[in-house]
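Residue-level structure breakdown
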Amino acid sequence: RESVDRSMLIRQADDYTQIAVLEDGILVEHYVDRASAASMIGNVYLGKVQNVLPSMEAAFIDIGRGRNAVLYAGEVNWDAAGLEVNQAKRIENALSSGDTVLVQVTKDPIGHKGARLTSQISLPGRFLVYVPEGSMTGISRKLPDTERARLKAILKEIVPDSAGVIVRTAAEGASEEELVRDVTRLKAQWEAIEKKVKQGSGPTLLYGEPDLTVRTVRDLFTEDFAKLVVQGDDAWDLVDGYVSHVAPDLRERLSRHELGEGVKDLFAEYRVDEQIAKGLDRKVWLPSGGSLIIDRTEAMTVVDVNTGKFTGSGGTLEETV
């Protein structure tokens, strides 16, 4: 893979934070984290079953967040469901009204639909995802075979028999010490959840995923990045504290952008605002001279491709397109 100059920029305003990922100065990813619109995805709750609808293969569960959330049969953790030997894997055999159940949010509520749930809990770390009641180890296919074998050998030693892990691409080149730190932290997180389950009665929040800024740094900021530049006091404290704790080796790549006389705003300096405006326009010009027209409807997003100034050189319409 040819070397690409990757950098991450974080700009904090009053009630929201923007995160930009640049490759050779070109904006490739953009996230917005609003304080008023926190996501529930990844949160673990002890929920209370309100009703089970066998015909929909679904259970509606109160997680203490207004509208009931829904758990479909395909997302039930059958190993923990306590079915008898010959009992069919049907949702009415696993859950009944009034039960408490450990669940994790996979999709935020939207419109009149409640949040989507799973009872197969997984806890994301920096290099791997910890699956407390799983037994399988999965390793990203993007990693070379030698690296997969190395990681498998290390994880065999450090992951408890009662748990499984899914190894992320970010684990490439990670040392045994870093992996041990990740597994130890996630194992402790799971033990804290289990302890709360024994003490509590639903509905209650047992574990909340960190906000988008920390999640993005956790999931994306790796050795590949030359720098991470932060503008804003709270964002700096958050990111600096997190990186110092979980990836101290990358801390030297962090820098702070402080506004002052003659200092341009971080996103203006890297021409991010300009690129966002172009990217969100209804009409997007292509380097070839053609253009895209993007319109959103309730059911779908329609992309119309126009040849514009580009009239082709291949001799057929297919080649032109």
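Residues numbered from 1 in each chain as written. Predicted model: local features only at pLDDT ≥ 70, side-chain atom pairs only at ≥ 80, totals over all residues. Heavy atoms only, no water.

1. Examining the packing of helix α4 (residues 212-220) against helix α5 (residues 233-246)
This is how the line gets drawn: Helix axes use the C-alpha atoms of the stretch in contact, all axes being lines fitted to C-alpha atoms, and the angles between their N-to-C directions lie in the range 0 to 180 degrees. The helix and strand labels rest on DSSP assignments: H or I over at least four residues marks a helix, E over at least two residues marks a strand, and numbering proceeds from the N terminus. Left-handed describes a crossing in which the near helix is turned anticlockwise from the far one by less than a right angle; the clockwise case is right-handed. Only heavy atoms enter the contact rule, under which two residues are in contact if any of them lie within 4.5 Å. For this scheme, ten residues count as nonpolar: Ala, Val, Leu, Ile, Met, Phe, Trp, Tyr, Cys and Pro. Four count as charged, namely Asp, Glu, Lys and Arg, and the remainder, Gly too, count as polar.
Between α4 and α5, whose axes approach to 10 Å, the crossing angle comes to 40°. Between α4 and α5 the crossing geometry is right-handed. Of α5, the residues touching α4 (which contributes Thr213, Val214, Val217 and Arg218) are Leu238, Val239, Tyr242 and Val243. The residue inventory of the contact of α4 with α5, partitioned by class, reads six nonpolar, one polar and one charged.

2. A closer look at the sheet that holds strand β3 (residues 26-34)
Put simply, the rule reads: Strands are treated as partners if at least two bridges between them are detected by DSSP.
A sheet is described by the order of its strands in space; here five strands give the open sequence β3-β2-β1-β14-β15, paired in mixed fashion. Here the strands that pair on one side only, and so sit at the sheet edges, are β3 and β15 (254-256). Recorded for the sheet is a direction-independent mean angle of 15° between the axes of neighbouring strands. By the bridge criterion, six bridges tie strand β1 (residues 6-12) to strand β14 (residues 225-231) in an arrangement that is parallel. Looking across to β14, one finds that Leu9 is bridged to Val229. Together, β1, β2 (16-23), β3 and β14 form the strand contacts of α4, whose direction differs from that of β3 by roughly 145°. Of the strands in this sheet, β1, β14 and β15 are in contact with α5, which crosses β15 at around 160°.

3. Quick word on the nonpolar core
Which entries qualify depends on this criterion: Working definition of a nonpolar core: buried Ala, Val, Leu, Ile, Met, Phe, Trp, Tyr and Cys residues. They are joined through side-chain atoms within 4.5 Å. Relative accessibility decides the category of a residue: with a 1.4 Å probe and only protein chains considered, values under 20% of the type maximum give buried, values over 50% give exposed, and everything between is partly exposed.
The biggest cluster of nonpolar side chains holds 26 residues, and the ones touching the most others in it are Val44, Leu123, Tyr130 and Ile193. Counting residues per element, the ones that place at least two in this core are β4 (44-53), β10 (128-131), α2 (145-158), β12 (164-167), α3 (176-199) and β13 (204-207). Considering every element that reaches this core, the biggest residue donor is α3, with five residues. Leave out the neighbours within four places in its chain, and Val44 touches Leu102, Val103, Gln104, Ile121, Leu123, Ile193, Thr204, Leu205, Leu206 and Tyr207.

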